[in-house]
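# Chains, contacts and geometry: an overview
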Amino acid sequence: MSYFLAVDSGGTKAEYLLTDETRELKRTFSGTIRRVNADAAVAAENVAGALAELEATTGVQMSQITRTCIGTSGNTVPLVTDWLREEFSRRVGGELIIVGDVEIALDSIFHGGRGVLVLAGTGSNVAARAANGEIMTAGGWGPNLADQGSGHFIGLEGLRRGFLARDAQRPSQLLESARRLFDLPTVDALIEFANAQHPVHYASKFAPEVVRCAAAGDAVAQEILAQGGRDLAYLAALLIERMRAVEPGEFQPPEIAIAGSILAHVEPERTAMRQALRELYPAIRFVDEPADPVLGALWRAMRG
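First, a word on what this report is: a plain description of the structure on this page. (Residues numbered from 1 in each chain as written. Predicted model: local features only at pLDDT ≥ 70, side-chain atom pairs only at ≥ 80, totals over all residues. Heavy atoms only, no water.)

### Some points on the overall build of the protein
Counting secondary structure elements, the protein contains 11 helices and 9 strands. Against the 2.2 N^0.38 benchmark of 19 Å for 304 residues, the protein shows a C-alpha radius of gyration of 21 Å, consistent with a compact globule. Along the three orthogonal principal directions, the C-alpha set of the protein runs to about 65 × 55 × 35 Å. Expressed as a percentage of its 304 residues, the buried residues of the protein come to 51%. Excluding contacts between residues fewer than 6 apart, the proportion of contacts in the protein whose partners are at least 24 apart in sequence is 67%. (Helix = DSSP H or I, 4+ residues; strand = E, 2+ residues; numbered from the N terminus. Rg over C-alpha atoms; globule rule 2.2 N^0.38 Å. Buried < 20%, exposed > 50% of the residue type's maximum accessible area, 1.4 Å probe, protein only. Contact = heavy atoms within 4.5 Å.)

### Let's talk about unusual backbone geometry
The phi dihedral of His 111 is positive, around 50°, even though this residue is not glycine. Mapped onto the secondary structure, His 111 falls in the loop between α3 (101-110) and β6 (115-120). Accessibility expressed as a relative area gives 46% for His 111, which makes it partly exposed. Despite not being glycine, Asp 147 shows a phi value in the positive range, around 60°.

### A closer look at the side chain of Ser 124
With respect to the element layout, Ser 124 can be found in strand β7 (residues 124-129). On the basis of relative accessible area, Ser 124 is assigned to the buried category, the value being 4%. With near-sequence residues (within four places) excluded, Ser 124 lies in contact with Leu 119, Gly 139, Gly 140, Asp 147, Gln 148, Ser 150 and Leu 232.

### Some points on the layout of surface pockets
Estimated volume of the largest pocket: approximately 1,200 Å³. Contributing to the lining of the largest pocket are 33 residues, with Asp 8, Gly 10, Gly 11, Asp 101 and Leu 119 lying nearest its centre. Counting only elements with at least two residues in the lining of the largest pocket, the list comes to β1 (3-9), β2 (13-19), α3, β6, β7 and β8 (135-139). Along the lines of polarity and charge, the residues of the lining of the largest pocket split into 12 nonpolar, 15 polar and 6 charged. Every residue along the wall of the second largest pocket is listed here: Leu 156, Leu 159, Arg 160, Phe 163, Ile 191, Ala 194, Asn 195, Gln 197, Pro 199 and Tyr 202. (1 Å grid on protein atoms, 1.4 Å probe; cavity = no way out; pocket = protein on both sides within 12 Å on 5 of 7 lines; lining within 4 Å. Points joined across faces, edges and corners; volume = space filled by probe spheres on them. Nonpolar A, V, L, I, M, F, W, Y, C, P; charged D, E, K, R; others polar.)

### Observations concerning the environment of Glu 209
Here Glu 209 lies in helix α7 (residues 203-215). For Glu 209, a relative accessible area of 16% puts it in the buried group. Along the sequence, Glu 209 and Ile 256 sit 47 residues apart, while their C-alpha atoms lie 28 Å from each other. Once residues lying within four places of it in the same chain are set aside, the contact partners of Glu 209 are Ser 177 and Leu 181.

### A closer look at the sheet that holds β7
The strand order across the open sheet built from 4 strands is β8-β7-β6-β9, with neighbouring strands paired in mixed fashion. Strand pairing shows two members of the sheet lacking a second neighbour, β8 and β9 (256-259), which therefore form its edges. Along the sheet, successive strands turn relative to each other by an average axial angle of 20°, direction set aside. (Pairing = 2+ DSSP bridges. Axes fitted to C-alpha atoms, helices over the stretch in contact; angles between N-to-C directions.)

### Observations regarding the nonpolar core
Residues Val 116, Val 118, Leu 190, Ile 256, Met 273 and Leu 277 are the most contacted members of the largest nonpolar core, which totals 53 residues. Examining the composition of this core, we find that 12 residues originate from one element, helix α8 (residues 219-246), more than from any other. Here Met 273 is in contact with Val 118, Gly 229, Leu 232, Ala 233, Ile 256, Ile 258 and Leu 263, once residues within four sequence places are set aside. Counting residues in hydrophobic clusters, the runner-up holds 25 residues, among them Ala 14, Ala 44, Leu 51 and Ile 70. (Core = buried A, V, L, I, M, F, W, Y, C linked by side-chain atoms within 4.5 Å.)

### Re α7
The end-to-end C-alpha distance of α7 is 19 Å, a good match for the 18 Å that 13 residues give at a rise of 1.5 Å each. Ala 203, Phe 206, Ala 207, Glu 209, Val 210, Cys 213 and Ala 214 are the residues of α7 that are buried. Summarising the contacts, the buried residues of α7 are in contact with α4 (151-168), α5 (174-181) and α8. (Expected span 1.5 Å × (residues − 1).)

### Focus: the environment of Glu 289
Assignment of secondary structure puts Glu 289 in the loop between α10 (267-280) and α11 (293-303). When the C-alpha atoms of Glu 289 and Ile 258 are compared, they prove to be 7.7 Å apart, with 31 residues separating the residues in sequence.

Interpretation note: all reported values are geometric properties and have no functional meaning in isolation.
If you want it as structure tokens, here you go:
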């Protein structure tokens, strides 16, 4: 019997999936194991705890693993990859493969083939693989420079457009909703609150309230979600055109897949993105099931 271990190593958490040749045996999570986000002792403790849980739950010893694939951001940084290789090699048997987190996300849907993946959670980015295997990305420059359509974007725009709506004397519940969420005495207290700290500390927390206001009919909130979807469609279109430039012959638009909590659960933004892309590429097709990046790592682990 062969056993395979897949790991999706992110900046705040890591996901582990253990399978045999035919079925999933156990999934578990730990804190981050990326050395740029945690010191060696903390990262090692996170790895050890997760692997021990896999062993205790399934009865499969890590020495029995046939092949492991780890997908990680920062896979070109020696501090990240060297530490992962050393740590897993001494704890887990078999072959070890380390690739980028973008690759496993694409592989979870497209299994090495061409396609575009639009990810929007707390942050956002878009990735594509062309027919020649070239991987391309757009966005993903962080909350100050990009993160279009993300939870950070939605929350920050909720406050910005809420105050703009007050200037324009447009009705909106966004500011009152923010006041309640952050337990402030008045709406005006939001001004000092929001300007006294970096938006990364509060913007994404407000995103669910913006979504709720939109569902309740708040036009300003609805405009924010529609804009987020159009912005993500623009990034996806940039990659589609880059794919066109490197793919000879008659061009067919790639399939579009999604990942991340915002696109998976915020239907108005997802719909706006799809509508914008259909206007540009009427024949474009969409994958309904959200990407599960750890399954991309599993595909690579089983494939070798």
